[in-house]
Amino acid sequence: MQNESTSSPAEDSQTGDSLIGEEYEVEVGPVAHGGHCIARTSEGQVLFVRHTLPGEKVIARITDGDKDSRFLRADAVTIIEPSKDRVEAPCPYAGPGKCGGCDWQHAKPGAQRRLKGEVIAEQLQRLAGLTPEEAGWDGTVMPAEGDKLPKGEVPAWRTRVQYAIDENGRAGLRKHRSHDVEPIEHCMIAAPGVSELGIEKRDWTGMASVEAITATGSNDRQVILTPKPGARLPLVELDKPVSVLRVDERDGGIHRVHGRGFVRERADDRTYRVGSGGFWQVHPQAANTLVRAVMQGLLPRKNDMALDLYCGVGLFAGAIGQRIGEKGAVLGIESGKRAVEDARHNLQDLDRVRIEHGKVDQILPRTGITECDLIVLDPPRAGAGKQTVKHLAGLGARRIAYVACDPAALARDLAYFREGGYKVRTLRAFDLFPMTHHVECVAILEPATKGS
């Protein structure tokens, strides 16, 4: 059972008298996983409070929960005693009841990274029984290259933005834990290539959402339109050249309307095709940052046999494939059909790289592979899970690189790896999602006993 004072809160049913709208003066405690901090009401109920910082005294207004709830959600609507780390949010759409995209606009950049580090440390200790020292981590969260900016400026890093469309056809972003739309004129964290399209200035009547994508490895831009049932596509005229795709309301598939069906990204001196809105790291520096961290941790050798699990369009498989020589081999496994097609296209020059389509927990046992030298896994937010980790630990890899976008899932899986005879050699954390609570980690594991 998760510790409710530190875990990301799950849905909580309301059975008693609603407390929504009630206000409490509270002393704010530590940061928790999920973009909020911990406090307690005078009756002792746990509050998960957004828009505040540890050590502050605030008026917290309840946004979810009742008298019988295990915990309550709240927004800090009045700051009585501010933290020294507090700043006025640069974004006019940040704050209680507004856009839910950014968690930490009200915190100094250095404080944001420190808070993320505290969350990582807490999750490692609680779920894996590891101190930072035992994880080979110095406790810091490193900013991405180019993200250190003058006071009041916000990194414009988000190369993919999904705009929700309100009933009047205006583009905006969802409010926190809500389907309601906050119309906006400009998203401060959107990359220039997204902002230059002018999505917010257009009438999108009939659309449910508009996703804008700008590539970092080329001038490619895309918009992906999701129409409301029965609606016709608008004539898309934006401020920059752009390819247009649409989501089919019948099967959810993405189809090209005009232009390319993919964007071209670049990392580790390779070009990658990413089709139909497929996954690619959102921060422009993320792909190169993570490849460097993984390669520095794995140290591939000539003739190595490697696995790249949840491989997407082949980012890590390509990096390893270039480093293991003509007698090495890489097997990538990916569940997304279009991503597999892209990975095979992207890595067609590497004869010793093979990509299999399917879920890791289903495909890996069928491969017949009983040993390998290196493993890299970049699982979805839920993590790899106990059975998959158990299988991987039995392959005897010299090094394993675990790329994680969720500290809790990482910590749980590290505990499973320890049961399988692996220890963490090093851990590095990167602030690839500034202004939000999200953080990316790369853990390098090795056998706990020499000669394993």
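Residues numbered from 1 in each chain as written. Predicted model: local features only at pLDDT ≥ 70, side-chain atom pairs only at ≥ 80, totals over all residues. Heavy atoms only, no water.

**Student:** What is the right way to look at the overall build of the protein in this model?
**Tutor:** For the protein, the helix and strand inventory stands at eight helices and 23 strands. Once the C-alpha set of the protein is aligned to its principal axes, its extents read approximately 65 × 55 × 45 Å. Taking the intrachain contacts of the protein between residues at least 6 apart in sequence as the baseline, contacts between residues at least 24 apart amount to 64%. For the protein, the accessible surface area stands at approximately 20,500 Å², while carbon and sulfur atoms represent 47% of it. (Helix = DSSP H or I, 4+ residues; strand = E, 2+ residues; numbered from the N terminus. Contact = heavy atoms within 4.5 Å. Areas by Shrake-Rupley, 256 points an atom, 1.4 Å probe, with all protein chains shown as cover.)

**Student:** Just checking my understanding: could you explain the packing of helix α1 (residues 109-128) against helix α8 (residues 407-419) for this structure?
**Tutor:** Where α1 contacts α8, the axes come no closer than 8 Å and their chain directions differ by 35°. Seen along the crossing, α1 lies across α8 with a hand that is right-handed. Counting all contacts with α1, which are made through Val119, Ile120, Gln123, Leu124, Leu127 and Ala128, the residues of α8 involved are Pro407, Ala408, Ala411, Arg412, Leu414, Ala415 and Arg418. A breakdown of the residues in the contact of α1 with α8 according to their chemical character gives 10 nonpolar, one polar and two charged. (Axes fitted to C-alpha atoms, helices over the stretch in contact; angles between N-to-C directions. Left-handed = near helix turned anticlockwise from the far one by under 90°. Nonpolar A, V, L, I, M, F, W, Y, C, P; charged D, E, K, R; others polar.)

**Student:** Looking at this model, I keep getting lost on the sheet that holds strand β23 (residues 440-447). Mind explaining?
**Tutor:** Backbone-to-backbone hydrogen bonds join strands into a sheet, with any given pair of strands oriented parallel or antiparallel. In spatial order, the strands read β7-β22-β23-β21-β20-β17-β18-β19; together these eight strands make up an open sheet with mixed pairing. Looking at strand neighbours, the two that pair on one side only are β7 (141-143) and β19 (353-357), the edges of this open sheet. Across this sheet, the average inter-strand angle for adjacent strands is 20°, counted without regard to direction. In the sheet, strand β22 (residues 422-431) pairs with β23 via eight bridges, with the strands oriented antiparallel. (Pairing = 2+ DSSP bridges.)

**Student:** Looking at this structure, how should I read the nonpolar core?
**Tutor:** Here is a general trend for soluble globular proteins: nonpolar side chains tend to be buried in one another's company. Counting 76 residues, the largest nonpolar core has Tyr163, Ile199, Trp204, Val223 and Val294 as the members making the most contacts within it. Broken down by element, the residue count for this core peaks at eight residues, all from helix α3 (residues 286-298). With 41 residues, the next largest nonpolar core counts Ile333, Leu377, Leu392 and Cys441 among its residues. (Core = buried A, V, L, I, M, F, W, Y, C linked by side-chain atoms within 4.5 Å. Buried < 20%, exposed > 50% of the residue type's maximum accessible area, 1.4 Å probe, protein only.)

**Student:** Is there a simple way to explain the pairing of β22 in this structure?
**Tutor:** Working note: regular strand, side chains alternate between the two faces of the sheet. Pairing analysis gives three bridges linking β7 to β22, with the strands arranged parallel. In the strand pairing of β22, methionine 142 is matched with phenylalanine 430.

**Student:** Even after reading the chapter, I still don't get the packing of aromatic side chains, so can you show me in this structure?
**Tutor:** In total, this model carries four aromatic pairs according to the counting rule given. For the ring pair tyrosine 272 and tryptophan 280, a centre distance of 5.5 Å and an interplane angle of 40° mean the geometry is tilted. The class of tyrosine 272 is buried, set by a relative accessible area of 0%. Relative to tyrosine 422, the ring of phenylalanine 417 has its centre 6.3 Å away and its plane inclined at 70°; by these criteria the two rings are edge-to-face. (Phe/Tyr/Trp six-rings, centres within 6.5 Å; stacked < 30°, edge-to-face > 60°.)

**Student:** Help me out: how do you make sense of the pattern of salt bridges in this one?
**Tutor:** When their charged atoms lie close together, side chains carrying opposite charge are able to pair. One pass over the full model with this rule turns up 28 salt bridges. Ionic pairing is found between glutamate 122 and arginine 126, a salt bridge with its closest N-O pair at 3.2 Å. Here the residue glutamate 122 and the residue arginine 126 both occupy positions in helix α1, the gap between them amounting to four residues, near one helical turn. Look at glutamate 122 and you get partly exposed, because its relative accessible area is 24%. We classify arginine 126 as partly exposed; its relative accessible area is 24%. Between lysine 201 and aspartate 239 there is a salt bridge, with the nearest N and O atoms lying 2.8 Å from each other. Taken together, the positions of lysine 201 in the loop between α2 (192-195) and β11 (207-214) and aspartate 239 in the loop between β12 (221-227) and β13 (243-247) put the pair 38 residues apart, joining distant regions of the chain. Residue lysine 201 is classed as exposed on the basis of its relative accessible area of 59%. On the basis of relative accessible area, aspartate 239 is assigned to the partly exposed category, the value being 37%. (Salt bridge = Lys/Arg side-chain N within 4 Å of Asp/Glu carboxyl O.)

**Student:** Looking at this structure, I do not really get α1. What am I missing?
**Tutor:** Because the α-helix completes a turn every 3.6 residues, residues three or four places apart line up on one side. Between its first and last C-alpha, α1 extends 28 Å over 20 residues, near the 28 Å set by a 1.5 Å rise per residue. Residues Ala111, Gln112, Arg113, Leu115, Lys116, Gly117, Val119, Ile120, Gln123, Leu124 and Ala128 constitute the buried set of α1. Check the buried side of α1 and you find it contacts β2 (31-32), β7, α8, β22 and β23. Positive backbone phi, at 65°, marks glycine 129, one or two positions downstream of α1. (Expected span 1.5 Å × (residues − 1).)

**Student:** What is the right way to read the packing of helix α7 (residues 386-393) against α8 from this model?
**Tutor:** Packed helix pairs are specified by the crossing angle of their axes together with the interaxial distance, meaning the distance between the axes. In contact at an axis separation of 9 Å, α7 and α8 are set at 40° when each is read in the N-to-C sense. Between α7 and α8, the angle is such that the two are oblique. Between α7 and α8 lies a crossing of right-handed hand. Together, Lys386, Val389, Leu392 and Ala393 of α7 and Asp413, Tyr416, Phe417 and Glu419 of α8 make up the contact between the two elements. Its residues placed into classes, the contact of α7 with α8 shows five nonpolar, no polar and three charged. (Parallel < 35°, antiparallel > 145°, perpendicular 65-115°, else oblique.)

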